[in-house]
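# Examining the three-dimensional arrangement
Okay, here's what each chain looks like letter by letter:
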Amino acid sequence: METYIEPKDMMENPDYERQRQKSLAELADSMIDTPIIGLIKRLNRLPCCFTLQCCYGHFVYKGQDDTHNIEPLPPEVIADSIEYRIAYIAFCIENSEAGRRLLEDMKKLADIDPDNIQFCCAEWFWERQVNSYALQVEPDRFKHEDRAVLEYSEALHIEKIRNEFFIQLNDLIKRQK
């Protein structure tokens with residue numbers, strides 16, 4: 001599944017509030033990975049934004065085949081290769097002053113590690129929801145994919161970047177007024 005296209009310019013969306021209410025009414029905690037439930041709830045309290053989809057990012061390997069695994073990778077090498085199911089958040093932004101400010105702040109999160117965090121759009125989101133964007137954590141060479149096979153040392157690095165990404169995203173949300 002392609003998850004990356006260059007970000008598009010915001011456009012007018014007179015249906016934003018109706019779409020936001022519908023999306024939030026359909027959202028349940030059980031749809032969100034446990035480590036980011038609080039973050040997603042805080043983000044969805046902002047009137048200029050709502051989430052479309054998210055994933056904490058999961059590491060799958062021999063002996064750990066749970067595709068929703070949220071356990072940290074052990075510090076010692078446990079496998080030659082690790083399947084990484086990307087961490088991402090897809091969200092819709094209102095074309096308003098507050099929304100444009102938030103969007104600019106969200107773009108800056110890619111600066112945490114530009115080789116491994118992308119700010120983008122996904123065409124299949126945009127087709128049903130204009131002004132939808134995504135932040136994804138994965139090596140740039142895999143930015144068009146929703147999973148990647150990594151060597152163990154790179155998987156450890158991506159895990160560290162993923163954790164820092166969610167910490168900084170949470171901090172960004174808390175700073176919004």
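The coordinates are above.
Reading the values: the criteria
- Residues numbered from 1 in each chain as written.
- Predicted model: local features only at pLDDT ≥ 70, side-chain atom pairs only at ≥ 80, totals over all residues.
- Heavy atoms only, no water.
- Pairing = 2+ DSSP bridges.
- Helix = DSSP H or I, 4+ residues; strand = E, 2+ residues; numbered from the N terminus.
- Axes fitted to C-alpha atoms, helices over the stretch in contact; angles between N-to-C directions.
- Contact = heavy atoms within 4.5 Å.
- Buried < 20%, exposed > 50% of the residue type's maximum accessible area, 1.4 Å probe, protein only.
- Salt bridge = Lys/Arg side-chain N within 4 Å of Asp/Glu carboxyl O.

Our focus in this paragraph is the sheet that holds strand β2 (residues 58-60). Pairing between the strands of a sheet comes from backbone hydrogen bonds, and it takes one of two forms, parallel or antiparallel. Taken together, 3 strands build an open sheet; the order of strands is β2-β3-β7 and the sheet is antiparallel. With partners counted over all chains shown, the strands left at the sheet margins are β2 and β7 (147-151), one partner each. Here the strands of the sheet are splayed against their neighbours by 30 degrees on average, with no regard to which way each runs. As paired elements, β2 and strand β3 (residues 81-85) share 3 bridges and run antiparallel to each other. What sits directly across from Phe59, in β3, is Tyr84. Here helix α5 (residues 152-175) sits on the sheet in contact with β2, β3 and β7, set at roughly 125 degrees to β7.

Here Asn170 is to be found in helix α5. Asn170 gets classed as buried once you look at its relative accessible area, which sits at 14%. Ignoring sequence-local partners within four residues, the contact set of Asn170 consists of Leu39 and Arg42.

Scanning the entire structure with this criterion turns up 13 salt bridges. Linking Glu97 and Arg101 is a salt bridge whose minimum nitrogen-to-oxygen distance equals 3.0 Å. With Glu97 and Arg101 both in helix α3 (residues 97-108), this residue pair falls 4 residues apart, about one helical turn. When its relative accessible area of 55% is taken as the criterion, Glu97 is described as exposed. Residue classification places Arg101 among the partly exposed residues on the basis of a relative accessible area of 44%. Among the salt bridges present, the one from Asp146 reaches Arg147, with a minimum N-O distance of 3.6 Å. Take Asp146: its relative accessible area is 22%, and that puts it in the partly exposed class. For Arg147, a relative accessible area of 38% gives the class partly exposed. Each of the salt bridges in this network shares a partner with another, and the network as a whole consists of Glu83, Arg85, Asp146 and Arg147.

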